[in-house]
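# Examining the three-dimensional arrangement
Listed below are the residues making up each chain.
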Amino acid sequence: MRQICYEEMSSRVFNIWVRAIFVILVFSFVQCRTHQLNEKADIRDPSIIKPITQMQKTEQEWLTELGAEKYRVLRQCGTEAPFTGKYLYHHAKGIYRCAGCGVELFSSDTKFDSGSGWPSFFDALEKSKIRKVRDTSHGMIRTEIRCAQCDGHLGHVFEDGPKPTGLRYCVNSIALDFSSDSLSEH
Ligand SMILES: [Zn+2]
């Protein structure tokens with residue numbers, strides 16, 4: 001009788017271990033599979049931007065910091081509707097900064113009315129502050145512009161601007177913050 005009970009107990013303990021190991025294996029596989037799918041999604045989906053500089057934040061941190069609309073434009077390559085941005089007809093003298101990180105991007109001295117419906121500049125304060133990325137979305141070949149410091153999406157640059165550069169930096173108002181201060185010293 002004791003022998004049977006012992007065997008029954010051993011069998012139960014063995015079954016529990018087998019089930020536990022099975023659950024751990026299944027859980028590990030699901031975790032791994034989910035991770036792989038997320039990595040593939042990141043590569044395939046150009047709307048998912050990974051911060052490239054020291055300003056690495058989680059998507060949730062960006063969303064909390066920026067709010068839904070700025071997050072949609074800056075972090076998900078969104079576009080504000082034409083003729084709706086707050087800086088389209090803004091003519092004050094000053095500096096336009098990245099709304100994601102505050103770095104100085106454009107001067108009011110280079111702002112012009114392009115008729116496109118978005119704030120337009122014919123030059124950037126410093127070329128190194130803006131990163132250009134080939135954009136083939138929506139059936140077009142365009143050059144996307146991003147803030148080089150936080151990798152926030154700003155808009156696009158086209159080669160149909162006025163002299164002296166011939167460039168048109170077409171920027172979402174919501175990706176910019178204006179201040180009437182002069183350029184800060186670095
Ligand atoms: Zn930035």
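Residues numbered from 1 in each chain as written. Predicted model: local features only at pLDDT ≥ 70, side-chain atom pairs only at ≥ 80, totals over all residues.

Next up on the list: the overall build of the protein. Scanning the protein from N- to C-terminus turns up three helices and nine strands. Each helix (α) and strand (β) of the protein, taken in turn from the N terminus, gives the series α-α-α-β-β-β-β-β-β-β-β-β. In the protein, which comprises 186 residues, the proportion classed as buried is 26%. Taking contacts inside the protein between residues at least 6 apart in sequence as the whole, the part at least 24 apart equals 56%. (Helix = DSSP H or I, 4+ residues; strand = E, 2+ residues; numbered from the N terminus. Buried ≥ 20, exposed ≤ 12 C-beta atoms within 10 Å, placed from the backbone. Contact = placed C-beta atoms within 7 Å.)

The subject of this paragraph is the confidence of the model for the protein. Note: predicted coordinates in regions of low pLDDT should not be interpreted at a detailed level. Averaged over every residue, the pLDDT of the protein is 80; the share at 70 or more is 68%. Contacts for the low-pLDDT stretch residues 21–51, under 50 throughout, to residues beyond four places or in other chains number 12 contacts. (pLDDT = per-residue confidence, 0-100.)

With that out of the way, let us pick up the sheet that holds strand E9 (residues 176–179). Here three strands make up an open sheet; going across it, the order is E2-E1-E9 and the pairing antiparallel. A strand with exactly one partner marks an edge of an open sheet, and here the two such strands are strand E2 (104–107) and E9. Taken over all neighbouring pairs, the strand axes of this sheet differ in orientation by 30° on average, direction set aside. Sheet topology places strand E1 (residues 95–98) next to E2; three bridges connect them, and they run antiparallel. Each bridged residue has a counterpart across the sheet, and for Arg-97 the counterpart in E2 is Glu-104. (Pairing = 2+ DSSP bridges. Axes fitted to C-alpha atoms, helices over the stretch in contact; angles between N-to-C directions.)

What follows is about the pairing of strand E5 (residues 130–135). Alignment of E5 against strand E6 (residues 142–147), held across six bridges, turns out to be antiparallel. Its bridge partner lying in E6, Arg-131 is registered against Arg-146. Where E5 folds back onto E6 in an antiparallel hairpin, the turn is made up of six residues, including His-138, whose phi is positive at roughly 60°.

Let us look at the environment of Phe-121. Note on placement: Phe-121 falls in strand E4 (residues 120–121). Judged by the 26 C-beta atoms lying within 10 Å of it, Phe-121 falls in the buried class. Once the C-alpha coordinates of Phe-121 and Lys-111 are considered, the two residues, 10 residues apart in sequence, prove to be 4.3 Å apart. Setting aside anything within four residues of it in sequence, one finds Phe-121 in contact with Phe-106, Thr-110, Lys-111, Tyr-169 and Val-171.

This next bit is on the nonpolar core. Note on soluble globular proteins: their nonpolar side chains tend to be buried together. Leu-105, Cys-147, Tyr-169, Val-171 and Ala-175 are the most contacted members of the largest nonpolar core, which has 28 residues in total. Listed by contribution, the elements that provide at least two residues to this core are helix H2 (59–66), helix H3 (68–74), E1, E2, E6, strand E7 (153–158) and strand E8 (168–171). (Core = buried A, V, L, I, M, F, W, Y, C linked by C-beta atoms within 7 Å.)

Moving on to the sheet that holds E7. Read from one edge to the other, the open sheet built from six strands follows the order E3-E4-E8-E7-E6-E5, with strand pairing classed as antiparallel. This sheet does not close on itself; its edge strands, each paired only once, are strand E3 (111–112) and E5. Note that E4 and E8 share two bridges and pair antiparallel. Among the inter-strand pairings, Ser-120 is bridged to a residue of E8, identified as Cys-170.

Connecting E1 to the antiparallel partner E2 that follows it, the hairpin turn spans five residues, and Gly-102 within it adopts a positive phi of roughly 90°. Here E1 runs beside E9; their pairing, made up of four bridges, is antiparallel. Residue Ile-95 lies in a different strand from E9, and its bridge partner there is Ser-179.

Time to look at unusual backbone geometry. The amide bond that connects Lys-163 to the next residue, Pro-164, takes the cis arrangement and shows omega of 10°. The residue Pro-164 is located in the loop between E7 and E8 in this model. Phi at His-138 takes a positive value of approximately 60°, unusual for a residue other than glycine. Along the chain, His-138 turns up in the loop between E5 and E6.

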